[in-house]
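# Overview (structure and organization)
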Amino acid sequence: MKKITKLLVANRGEIALRVLRSAKEMGLQTVAIYSEADRQALHVRYADEAVCVGPPPSKDSYLRGDKIIEICLALGVDAIHPGYGFLSENAGFARAVRAAGLIFVGPSPEAMELMGSKLAAKAAVADFDIPLVPGTEEAITDVPAAQAIAEQVGFPILIKASAGGGGKGMRIVTHAAEFVEQMQLAVSEATSAFGDGAVFIEKYIGSPRHIEIQVLGDEHGHIVHLFERECSIQRRHQKVIEEAPSSVLTPELRAQMGRAAVDVARACNYTGAGTVEFLLDENHKFYFLEMNTRLQVEHPVTEQITGLDLVKEQIRIAEGQPLPFRQEDLTIQGHALELRVYAEDPQNNFLPDIGTLTTYVRPQGPGVRVDDGFEQGMEIPIYYDPMIAKLVTFGADRAEAIARMLRAIEEYQITGIETTLAFGAYVLRHPAFVSGHFDTNFIRDHFPAGALTPPAPDEATAQVAAALVALLLETKQPQAPAAADAAGAPAASGWRRNRLGVR
């Protein structure tokens, strides 16, 4: 058994704070790292100790694995938790951590390398009869040969980078005439993003749902799944809204996908927390997509429906402790939703925004959880991912979770930048989402340009409004804001009117 007494979190923002909080509850001493841009960040102030690792660019700070290990050795740190992103799936870093005599809170470097390559991962799970999307079984570099395979698979097809994710190095090709250009673009982008231009080709599933299964594995050969998360509301192949459980999985399908996820983890002798991702087609057939060998951004929804703390489970597993439960001990309780609150403008193709959080007040009340790393007056830096917070709600059922999310969105006060809060409210009110009949093309199919812009008043309403405004100005009554409401703008709730100082 390996005892951890002092933990360094090799990350920033909300995930660093999230890990630090669980570590504190476990009685561990904690160390934070930060770049010069994050000197006043909440995770820096929360940890017992904090050390600057360099200037703002991540390559000079949060990606400096050698410097992070030096800090650990100097401060008597036992273990490193990488969070997600940055070094979390870097097998070379994990290997260096272990070579330095430290504990890496995560899977083995070998499991990372195996599942980090989509092609190698598919080969590894082949012996377990996991359903796979038709396509290539190895990397393709010869364009004419790749085109021949694409035509055999049948268009539309998907070209994907073997290394990495986040939608980079990914191209959808609908016609043979587009193939050469799109493959060259995919290879170029994959090389630039990951230093590896290897790509593979698979059949494009046109209207898929993105379903992922959370797994936990200990060093004693025990692996369980913690049910599924629905992650189909996406922009640029990146998730924006997640929920658990999915509204479309039957108990039988849930069990099948859970067993498949456990087999994927078993194929690479997985230890720690990981996520197996699947595509679910319109006929509810599922296909293995990839495995993420780290804690996922959306892990809170799984925590809400299981009652488990995944960070604590990661730390216990890293110490060599066995899982304290078996599959039959786990059940789904209630329903949870997560909205990623990004500093982005949904009406301008989700373009990232930067600036100062002039107002920043979190929502509260029953069933509301906010994982964030900011407070009022702080700047949104340009150097990192634009996510401000993860807004999570939990209810006895899906309807209550949605109602609480809508209430929490309304209470969340953020000014100074554009955010995805209004987009979240739009999605949760949309009939396609409410009914559960949606897929990863929701934004393309249901979010037209200007969807968040209040409609202009019709001519009759505008004339009445103009008369009211003229009358109010003439009599100098203080109720002018009410006339603005009469002009056809959507009525604000009492909460929003009071918040804005309108009486």
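Since we're looking at a predicted model, the values are computed, not measured.

### Brief notes about the overall build of the chain
- When helices and strands are tallied, the chain shows 18 helices and 22 strands.
- Sorting the 503 residues of the chain into buried and exposed places 53% on the buried side.
- Expressed as a percentage of contacts within the chain between residues at least 6 apart in sequence, the contacts between residues at least 24 apart total 65%.
- Total accessible area computed for the chain in this model is approximately 21,400 Å², and 53% of it derives from carbon and sulfur atoms.

### Here's the deal with the sheet that holds strand β11 (residues 238–244)
- Taken together, eight strands build an open sheet; the order of strands is β13-β12-β9-β10-β11-β14-β21-β19 and the sheet is antiparallel. Looking at strand neighbours, the two that pair on one side only are β13 (286–292) and β19 (368–372), the edges of this open sheet. Adjacent strand axes in the sheet meet at a mean angle of 25 degrees, parallel and antiparallel pairs treated alike.
- Bridge count between strand β10 (residues 223–235) and β11: four bridges; the pairing is antiparallel. Along β11, the bridge assignment pairs Gln 234 with Lys 239.

### Topic: the sheet that holds strand β8 (residues 199–203)
- Strand order in the open sheet formed by three strands is β7-β6-β8, and the pairing between neighbours is antiparallel. Only two strands of the sheet have a single neighbouring strand rather than two, namely β7 (171–173) and β8. Strand after strand, the sheet turns through a mean of 25 degrees between neighbouring axes, direction not considered.
- Pairing between strand β6 (residues 157–161) and β8: five bridges, direction antiparallel. Bridging across to β8, Ala 161 finds its partner in Val 199.
- Where helix α7 (residues 143–153) meets the sheet, it contacts β6 and β8, and its direction lies at approximately 15 degrees from that of β8.

### Overview of the side chain of Lys 390
- Position of Lys 390 among the secondary structure elements: in strand β21 (residues 387–395).
- Judged by relative accessible area, Lys 390 falls into the buried class, the value being 0%.
- Polar contacts involving the side chain of Lys 390 include one to the side chain of Glu 14, which spans 3.3 Å.
- Residue contacts for Lys 390: discarding those within four places in its chain leaves Glu 14, Tyr 84, Val 297, His 299, Pro 300, Glu 338, Leu 339, Arg 369, Val 370 and Asp 371.

### Some thoughts on the environment of Pro 346
- Among the structural elements, Pro 346 can be located in the loop between β15 (344–345) and β16 (351–352).
- Sequence spacing of Pro 346 and Arg 235 is 111 residues, and the spatial spacing of their C-alpha atoms is 9.6 Å.
- Excluding residues that lie within four positions of it along the chain, Pro 346 makes contacts with Thr 419, Thr 420, Phe 423, Phe 447 and Leu 452.

### Considering the packing of helix α4 (residues 91–99) against helix α5 (residues 109–116)
- Between α4 and α5, whose axes approach to 8 Å, the crossing angle comes to 175 degrees. As summarised for this structure, α4 and α5 are arranged roughly antiparallel, according to the angle between their axes. Residues Ala 91, Ala 94, Arg 95 and Arg 98 of α4 lie in contact with α5, whose contacting residues are Pro 109, Glu 110, Met 112 and Glu 113.
- Grouping the amino acids of the contact of α4 with α5 by side-chain chemistry returns four nonpolar, no polar and four charged.

### Quick look at the environment of Ile 213
- Residue position: Ile 213 is located in strand β9 (residues 209–217).
- Distance from Ile 213 to Glu 277, taken between C-alpha atoms, is 6.4 Å for residues 64 residues apart in sequence.
- Discounting residues that sit within four places of it in the chain, Ile 213 has contacts with His 225, Phe 227, Glu 228, Met 257, Gly 258, Ala 261, Gly 274, Thr 275, Val 276 and Phe 278.

### Some details on the pattern of salt bridges
- If you walk through the whole model with that rule in mind, you get 34 salt bridges.
- Residue Glu 375 is joined to Arg 45 by a salt bridge in which the shortest nitrogen-to-oxygen separation is 2.7 Å. With a gap of 330 residues between them, Glu 375 in the loop between β19 and β20 (379–380) and Arg 45 in helix α2 (residues 42–46) connect regions that are remote in the sequence.
- Assessed through its relative accessible area of 29%, Glu 375 is described here as partly exposed.
- Ionic contacts of the salt-bridge type, sharing partners, join the residues Glu 212, Arg 229, Lys 239, Glu 242, Glu 277, Glu 298 and Arg 340 into one network.

### Overview of unusual backbone geometry
- In this structure, Pro 156 follows Phe 155 across a cis peptide bond, with omega equal to 5 degrees.
- By the element assignment, Pro 156 lies in the loop between α7 and β6.
- Going from Ala 244 to Pro 245, the amide bond is cis rather than trans, its omega being -5 degrees.
- Topologically, Pro 245 is positioned in the loop between β11 and α9 (251–267).
- Residue Asp 129 is not a glycine yet carries a positive backbone phi of 60 degrees.
- Here Asp 129 is to be found in the loop between α6 (118–125) and α7.
- A positive phi is found at His 284, a non-glycine position, where the angle reads about 65 degrees.
- By the secondary structure assignment, His 284 is in the loop between β12 (272–280) and β13.
- Classification of His 284 as partly exposed rests on a relative accessible area of 37%.

### Quick look at the nonpolar core
- If you look at the biggest cluster of nonpolar residues, it comprises 38 residues, and the most contacted ones within it are Leu 339, Ile 388, Leu 391, Tyr 412 and Leu 428.
- Elements with a minimum of two residues in this core: β11, β14 (335–342), β19, β21, α12 (398–411), α13 (421–429), α14 (431–435) and α15 (442–446).
- For this core, the element with the most residues is α12, which contributes six residues.
- When near neighbours in sequence (up to four residues on either side) are disregarded, Leu 339 contacts Val 240, Ile 241, Ala 389, Lys 390, Leu 391, Met 405, Ile 409, Thr 420, Leu 421 and Gly 424.

Thresholds applied
- For every chain, the first residue of the written sequence is number 1, and numbering continues from 1 along that sequence.
- In keeping with the predicted nature of the model, local features appear solely for residues at pLDDT of at least 70, side-chain atom pairs appear and are counted solely at 80 or more, and the whole-chain, interface and lining totals rest on all residues.
- Hydrogens and water are ignored here; the side-chain numbers use all heavy atoms of the structure.
- Here a strand is any run of E in DSSP of at least two residues, a helix any run of H or I of at least four, and the numbering for each starts at the N terminus.
- Each residue's exposure class comes from its accessible area (1.4 Å probe, protein chains only) as a fraction of the maximum for that residue type: buried when under 20%, exposed when over 50%, partly exposed otherwise.
- Throughout, a residue-residue contact means that at least one pair of heavy atoms, one from each residue, lies within 4.5 Å.
- The accessible surface values rely on the Shrake-Rupley method and a 1.4 Å probe; as for residues, cover is taken only from the protein chains in view.
- Two strands form a pair only when DSSP identifies at least two bridges running between them.
- Lines fitted to C-alpha atoms define the axes here, with helix axes fitted over just the stretch in contact, and angles between the N-to-C directions of these axes take values from 0 to 180 degrees.
- Between N or O atoms, a polar contact is any pair within 3.5 Å; within protein, one atom must be a potential hydrogen donor and the other a potential acceptor, and residues adjacent in sequence are included only when both atoms are from side chains.
- Angle categories are assigned with fixed cut-offs, so that under 35 degrees is roughly parallel, over 145 is roughly antiparallel, 65 to 115 is roughly perpendicular, and the rest are oblique.
- Residue polarity is assigned by list, with Asp, Glu, Lys and Arg as charged and Ala, Val, Leu, Ile, Met, Phe, Trp, Tyr, Cys and Pro as nonpolar; anything else, Gly included, falls into the polar class.
- Salt bridge, as applied in this entry: a Lys or Arg side-chain nitrogen positioned within 4 Å of an Asp or Glu carboxyl oxygen.
- The nonpolar core is taken to be a set of buried Ala, Val, Leu, Ile, Met, Phe, Trp, Tyr and Cys residues, with the residues joined through side-chain atoms within 4.5 Å.

Function cannot be inferred from these measures alone, as they are strictly geometric.
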